Amino acid sequence: MPGPIIPLIHRSIAAITNYVEHGLRAAGYDISPPRAGNVMRNLTPDGATIVDIARACGVSKQAVSRQAEALRALGYVVIETSASDRRLRIVKPTPKGLQTRHIADRLYEEFEADLEKRVGVADVAAFRRVMAAIQEIGEDTETTGE
């Protein structure tokens, strides 16, 4: 598929997101990567602070707070206040939330396995190198301030 790289990356992300969302819904979970991804992918079983999640995904604390509150309402996380610093809110996955993480991880693995079957292991390895180089370019720009 010829054309500029950026639109291809965006369409690829949308395809992966659709794949995972469909798999989660088929498994009986009413959660979607766009609505939950920032929070769920940055949680450990012990939880993470709103600040740490926001920093990890490069979005505002307010955006993470809204996403965490929506996930709390659906039963995927609990939100607690830190005992050592009352200003910090800690998001922890519930058993239901942990289960969706396992399912999403399996879906990502299935997606990658299907991709390897379609284009070959060598091409997927090359793709990983290209994606790493793209990230490095972005990181270089951040550190140089350009």
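Before reading on, note that the structure itself is shown above.
Residues numbered from 1 in each chain as written. Predicted model: local features only at pLDDT ≥ 70, side-chain atom pairs only at ≥ 80, totals over all residues. Heavy atoms only, no water.

A.B. asks: Lay out helix 1 (residues 5-26) in plain terms, naming residues and giving numbers.
C.D. replies: Think of an α-helix as 3.6 residues a turn; residues three or four steps apart then line up on the same face. In a regular helix each residue adds 1.5 Å, so 22 residues correspond to 32 Å; helix 1 covers 32 Å between its end C-alpha atoms and thus fits that length. Here helix 1 has its buried residues at Thr 17, Val 20, Glu 21, Gly 23 and Leu 24. Across the axial projection of helix 1, the buried residues extend over an arc of 160°, all falling on one side. In helix 1, those exposed residues whose orientation departs by more than 90 degrees from the buried face are Asn 18, His 22 and Ala 26. Those residues of helix 1 that are buried are in contact with helix 2 (33-40) and helix 5 (95-119). Following helix 1 by one or two positions, Gly 28 adopts a phi angle in the positive range, close to 95°. (Helix = DSSP H or I, 4+ residues; strand = E, 2+ residues; numbered from the N terminus. Expected span 1.5 Å × (residues − 1). Buried < 20%, exposed > 50% of the residue type's maximum accessible area, 1.4 Å probe, protein only. Arc of directions from axis to C-beta. Contact = heavy atoms within 4.5 Å.)

A.B. asks: Could you give me a rundown of the packing of aromatic side chains, with the residues and numbers involved?
C.D. replies: For any pair of aromatic rings, the description consists of the separation of the ring centres together with the inter-plane angle of the planes. In the structure shown here, the tally under the stated rule is one aromatic pair. Between the aromatic rings of Tyr 19 and Phe 111, the centroid separation amounts to 5.2 Å while the plane-to-plane angle is 70°, which identifies the pairing as edge-to-face. Pair noted here: Tyr 19 is in helix 1 and Phe 111 is in helix 5, with a separation of 92 residues, a long-range link. Residue classification places Tyr 19 among the partly exposed positions, given a relative accessible area of 30%. The class of Phe 111 is partly exposed, set by a relative accessible area of 22%. The lysine or arginine in question, Lys 96, covers the ring of Tyr 76, its NZ or CZ lying 4.5 Å from the ring centre. (Phe/Tyr/Trp six-rings, centres within 6.5 Å; stacked < 30°, edge-to-face > 60°. Lys NZ or Arg CZ within 6 Å of the ring centre and 35° of its normal.)

Nothing here speaks to function; it is all geometry.
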